[in-house]
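Each chain is listed here by its residues.
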Amino acid sequence: MFSDPHLQDAVARARESVAALHAELPRWDLVVWTAGNVSQRVVVDPSTGPGEHDLLVIKPSGVTYDALTPEAMVVCDLEGNLVPGGEGAGAPSSDTAAHAYVYRSMPEVGGVVHTHSTYATAWAARAEEIPCVLTMMADEFGGPIPVGPFAVIGDDSIGRGIVDTLAGSRSPAVLMRNHGPFTIGADAKAAVKAAVMLEEVARTVHVSRQLGEPLPIEPAAIDRLYDRYQNVYGQGAATHRDRSDAVLTEEARA
Ligand SMILES: O=C(CO)[C@@H](O)[C@@H](O)COP(=O)(O)O
């Protein structure tokens, strides 16, 4: 139990969300067995916003997805240590240190996902970034999907590689060399979406390259597509959507 009832409630909501989002990994064929994990930041003091004293909720290591209930989730501090009252179905994920490092370094990040999804991991095995040749990539990733350094699990090196690589990119995804993808988002759901979209574009660009050389998209067009998708797509403000569509139409005529 957490002494602060607001924190208790926030942790309970994060447990529900993270448990449900883990089911999305096998649903979208992003994992085999237990080879993937999702975490969500819990902001301890909403009045001051995200900070170093926040918590994270993540799955227990090696537990199959059908057993990942809210109660099974584990609560850690941003050093990766289990916190009293945060016990779940066992020791936290073996990638907890990487998730925690991202949260410590990137206060704007509220969710982290790691998978070994086939096509994204195949690009990671070659340490080759995925070029921005699809409008869907411009929309979600704002450019190419970068490659991070080779790092062995067990300390902060994976987390550091993620943060250092994403610092110079709009992408919410990084392909860690010889390992696989990590994605980030404003919350865990956004990070899971990025993981799903990453695998889709990794597959599409791979298939395209079997048939020839995919064509790049002009940087200015990438910027316009990214701005529209990030700020208007879906149920965004109708006025903003109308205006952005008009801009895109007008510029297309130019
Ligand atoms: O890649 C690795 C281990 O090398 C992990 O991400 C994967 O096995 C999932 O581990 P967890 O079950 O989250 O501890």
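Residues numbered from 1 in each chain as written. Predicted model: local features only at pLDDT ≥ 70, side-chain atom pairs only at ≥ 80, totals over all residues. Heavy atoms only, no water.

### Considerations on the overall build of the protein chain
Of the regular secondary structure elements, the protein chain holds nine helices and seven strands. On C-alpha atoms alone, the protein chain measures out to a radius of gyration of 19 Å, which is about the 18 Å that the 2.2 N^0.38 rule sets for 254 residues. Projected onto the principal axes, the alpha-carbon positions of the protein chain cover approximately 60 × 40 × 30 Å. Buried positions account for 48% of the 254 residues belonging to the protein chain. Of the contacts made within the protein chain by residues no fewer than 6 positions apart, 63% connect residues no fewer than 24 positions apart. Side-chain charges in the protein chain split into 19 positive and 33 negative, and the spacing between the mean points of these groups amounts to 5 Å. (Helix = DSSP H or I, 4+ residues; strand = E, 2+ residues; numbered from the N terminus. Rg over C-alpha atoms; globule rule 2.2 N^0.38 Å. Buried < 20%, exposed > 50% of the residue type's maximum accessible area, 1.4 Å probe, protein only. Contact = heavy atoms within 4.5 Å. Lys, Arg positive; Asp, Glu negative; His and termini not counted. Charge placed at Lys NZ, Arg CZ, Asp CG, Glu CD.)

### Observations regarding the side chain of histidine 22
Relative to the elements of secondary structure, histidine 22 occurs in helix α1 (residues 5–22). In contact with histidine 22, not counting residues within four places along its chain, are Gly36, Asn37, Val38, Lys59, Tyr65, Leu68 and Met73.

### Thoughts on the site of the ligand
Within the structure, the ligand sits among 13 residues, and Ser61, Gly62, Ser93, Ser94 and Asp95 are positioned closest to it. Asparagine 37 has a polar side-chain atom sitting 2.9 Å from an oxygen atom of the ligand. Across the shell around the ligand, the residue classes tally to one nonpolar, ten polar and two charged. (Near = heavy atom within 4 Å. Polar contact = N/O pair within 3.5 Å; in protein donor to acceptor, adjacent residues only side chain to side chain. Nonpolar A, V, L, I, M, F, W, Y, C, P; charged D, E, K, R; others polar.)

### Some points on the confidence of the model for the protein chain
For the protein chain, per-residue confidence averages 94 on the pLDDT scale, and 93% of positions sit at 70 or higher. Scored by ipTM, the complex comes to 0.95, with pTM at 0.93. (pLDDT = per-residue confidence, 0-100.)

### Considering the packing of aromatic side chains
Counted by the stated rule, this structure contains one aromatic pair. Judged by centre distance (4.5 Å) and plane angle (25°), the ring pair of tyrosine 229 and tyrosine 233 falls under stacked. Using a relative accessible area of 10% as the deciding quantity, one classes tyrosine 229 as buried. Between the NZ or CZ atom of arginine 126 and the centre of the ring of tryptophan 123, over which it lies, the distance is 4.6 Å. The ring of tyrosine 226 is capped by arginine 170, whose NZ or CZ atom sits 4.4 Å from the centre of that ring. (Phe/Tyr/Trp six-rings, centres within 6.5 Å; stacked < 30°, edge-to-face > 60°. Lys NZ or Arg CZ within 6 Å of the ring centre and 35° of its normal.)

### Considerations on unusual backbone geometry
Here aspartate 29, not a glycine, exhibits a phi torsion of approximately 60°, which is positive. If you trace the backbone, aspartate 29 turns up in the loop between α2 (24–27) and β1 (37–42). Although it is not a glycine, asparagine 178 adopts a positive phi angle of roughly 60°. Tracing the sequence through the fold places asparagine 178 in the loop between β6 (173–176) and β7 (180–185).

### Observations concerning the packing of helix α4 (residues 118–125) against helix α7 (residues 188–211)
It is the contact of α4 with α7, at a shortest axis distance of 7 Å, that shows an interaxial angle of 65°. Overall, the two elements α4 and α7 adopt an arrangement that is roughly perpendicular. Every pair of crossing elements has a handedness; the one defined by α4 and α7 is left-handed. The segment α4 lies against α7, with Thr118, Tyr119, Ala120 and Trp123 engaging Leu198, Glu199, Ala202, Arg203, Val205, His206 and Arg209. (Axes fitted to C-alpha atoms, helices over the stretch in contact; angles between N-to-C directions. Parallel < 35°, antiparallel > 145°, perpendicular 65-115°, else oblique. Left-handed = near helix turned anticlockwise from the far one by under 90°.)

### Let's talk about the pattern of salt bridges
Applying the stated criterion to the full structure yields ten salt bridges. Here aspartate 156 ties to arginine 104 by a salt bridge, and the two come within 3.2 Å at their closest N and O atoms. In this pair, aspartate 156 sits in the loop between β5 (147–148) and α6 (157–166) while arginine 104 sits in helix α3 (residues 96–105), placing the two residues 52 residues apart along the sequence. Among the residues examined, aspartate 156 registers a relative accessible area of 26% and is labelled partly exposed. On the basis of relative accessible area, arginine 104 is assigned to the partly exposed category, the value being 29%. Arginine 170 is the partner of aspartate 223 in a salt bridge, and the nearest nitrogen-oxygen pair spans 2.8 Å. Of this pair, aspartate 223 sits in helix α8 (residues 219–231) while arginine 170 sits in the loop between α6 and β6, placing them 53 residues apart in sequence. Through salt bridges with shared partners, a single ionic network connects Glu79, Arg104 and Asp156. (Salt bridge = Lys/Arg side-chain N within 4 Å of Asp/Glu carboxyl O.)

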